[in-house]
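Report on the structure
What follows is each chain in one-letter form.
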Amino acid sequence: MAGVKQARDGAVGILTLDEPASLNAMTPDLLGALAAAVAEMTQDDRVRALVLTGAGRGFCSGQNLKASEALGEDIAAGVMRFYWPAFKALRECRVPVVVAVNGVAAGGGFSLAMAGDIIVAARSASFIQVFSRIALVPDLGSTWLLPRLVGRQRALELMLLNEPLTAERAREIGLVREVVDDAELMDEALILARRLADGPTRALVATRGLLEESEHTTYEAQFRREIELQATIRKSADAVEGRTAFVEKRKAKFTGK
């Protein structure tokens with residue numbers, strides 16, 4: 001598929017943004033290809049985790065200004081038509097998504113990295129909001145995602161001052177899980193993705209959903225919502241296997257069902 005490479009490593013699907021000449025800058029074609037690739041890859045029940053990364057020297061340098069005209073005169077409508085499906089596909093993916101950030105994740109590329117579930121960064125990776133530098137506000141979900149990952153004050157600091165965030169600093173403030181040498185990035189991302197792929201997929205994805213719901217409800221309502229979902233999840237094949245393995249004092253073998 002143009003713009004996005006697909007590969008498999010057992011139960012892990014690997015999606016690579018493949019426009020290295022522009023540091024994988026966003027275009028309607030690239031984001032459309034990403035949305036389609038996520039859908040195509042996850043149609044296969046054998047795929048139980050995804051890794052998203054970028055080809056070349058960067059993860060994603062943000063919006064490709066040369067392609068902005070393709071969004072049309074109504075920018076909001078254009079972005080929701082061409083860009084939102086890819087972000088939605090990652091955020092609501094039926095399997096966990098590991099993002100392996102190589103090089104720069106700038107502007108919308110920063111937003112894209114946060115749309116996954118867990119970020120692993122190469123030592124050369126850097127994150128920068130960019131927007132206020134050109135008198136714009138953060139977009140593509142940054143103002144929703146970033147404060148939830150690092151807190152309000154740090155999010156504002158990154159958005160207002162536009163200071164590049166090194167991979168190590170990103171780990172210190174909780175934006176990324178771990179930082180590894182560049183040559184080891186995909187190996188580490190795959191180790192994590194395989195671990196997730198071996199887990200109880202329905203329960204993992206339901207947990208992600210509960211966390212997002214918790215941002216918009218009360219403690220009591222969330223308390224009840226957890227139990228309601230638990231009553232459904234506990235009937236799954238993985239939950240039955242988990243309880244059986246616990247009683248039999250062995251490691252559970254989950255199937256994602």
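The structure we're discussing is the one just above.
Okay, so let's go over this structure. No experiment lies behind these values; they were computed from the predicted model shown.

Where helix 11 (residues 237-247) is concerned, the buried positions are Asp-238, Ala-239, Glu-241 and Ala-245. Considered in projection along helix 11, the buried side chains sweep an arc of 160 degrees and stay on one side of the axis. Elements that come into contact with the buried residues of helix 11 comprise helix 9 (201-214) and helix 10 (219-233). Following helix 11 by one or two positions, Lys-249 has its phi on the positive side, about 55 degrees.

This part covers the nonpolar core. The nonpolar side chains of a soluble globular protein tend to be buried, and buried together. In this structure, Leu-34, Phe-127 and Leu-175 are the most contacted members of the largest nonpolar core, which totals 53 residues. Ranked by the residues each element gives to this core, the list is headed by helix 1 (residues 28-42), at eight residues. Setting aside its immediate chain neighbours within four residues, Leu-34 contacts Val-4, Leu-15, Leu-17, Leu-52, Ala-86, Leu-90 and Leu-112. Formed by 16 residues, the second largest nonpolar core is a distinct cluster that contains Val-12, Val-51, Ala-100 and Leu-192.

Take the sheet that holds strand 7 (residues 126-128) next. Spatially, the three strands line up as an open sheet ordered 5-7-8, and their pairing is mixed. With partners counted over all chains shown, the strands left at the sheet margins are strand 5 (104-106) and strand 8 (165-166), one partner each. Here strand 7 pairs with strand 8 via two bridges, running antiparallel. Bridge assignment links Ser-126 to a residue of strand 8, and that residue is Thr-166.

In this section: the environment of Asp-139. Counting through the fold element by element, Asp-139 comes out in the loop between strand 7 and helix 5 (142-150). If we skip the residues at most four places from it in the chain, Asp-139 touches Ser-111 and Phe-131.

Another aspect to go through is the packing of aromatic side chains. Counted by the stated rule, this structure contains two aromatic pairs. Measuring from centroid to centroid gives 5.4 Å for Phe-110 and Phe-127, while their planes differ by 55 degrees, and the two rings are tilted. Taken as a pair, Phe-110 in helix 4 (residues 108-114) and Phe-127 in strand 7 lie far apart in primary sequence, 17 residues in all. The same class applies to Phe-110 and to Phe-127, which are both buried. Ring centres 6.1 Å apart and planes at 80 degrees place the aromatic pair Tyr-219 and Phe-223 in the edge-to-face group. Of this pair, Tyr-219 and Phe-223 both sit in helix 10, four residues apart, which is roughly one turn of the helix. Among the residues examined, Tyr-219 registers a relative accessible area of 69% and is labelled exposed. The ring of Trp-144 has Arg-148 lying over it, and the distance from NZ or CZ to the ring centre is 3.9 Å.

This part is about the state of the cysteines. Scanning the model with the defined rule gives zero disulfides in all. Left without a disulfide partner, Cys-60 is nearest to the cysteine sulfur of Cys-93, which lies 18 Å away. A relative accessible area of 2% means that Cys-93 is categorised as buried.

Let's shift gears to the sheet that holds strand 9 (residues 178-180). The strand order across the open sheet formed by six strands is 1-2-3-4-6-9, and the pairing between neighbours is mixed. In this open sheet, the two strands that pair with only one neighbour each are strand 1 (4-9) and strand 9. On average, adjacent strands in this sheet sit at an angle of 20 degrees to one another, irrespective of strand direction. Note: strand 4 (residues 97-101) against strand 6 (residues 118-122), four bridges, orientation parallel. Bridge pairing in strand 6 places Val-101 opposite Ala-121. Lying on the sheet, helix 1 is in contact with strand 1, strand 2 (12-17) and strand 3 (49-54); it crosses strand 1 at an angle near 25 degrees.

Reading the values: rules and limits
Residues numbered from 1 in each chain as written. Predicted model: local features only at pLDDT ≥ 70, side-chain atom pairs only at ≥ 80, totals over all residues. Heavy atoms only, no water. Buried < 20%, exposed > 50% of the residue type's maximum accessible area, 1.4 Å probe, protein only. Helix = DSSP H or I, 4+ residues; strand = E, 2+ residues; numbered from the N terminus. Arc of directions from axis to C-beta. Contact = heavy atoms within 4.5 Å. Core = buried A, V, L, I, M, F, W, Y, C linked by side-chain atoms within 4.5 Å. Pairing = 2+ DSSP bridges. Phe/Tyr/Trp six-rings, centres within 6.5 Å; stacked < 30°, edge-to-face > 60°. Lys NZ or Arg CZ within 6 Å of the ring centre and 35° of its normal. Disulfide = S-S within 2.5 Å. Axes fitted to C-alpha atoms, helices over the stretch in contact; angles between N-to-C directions.

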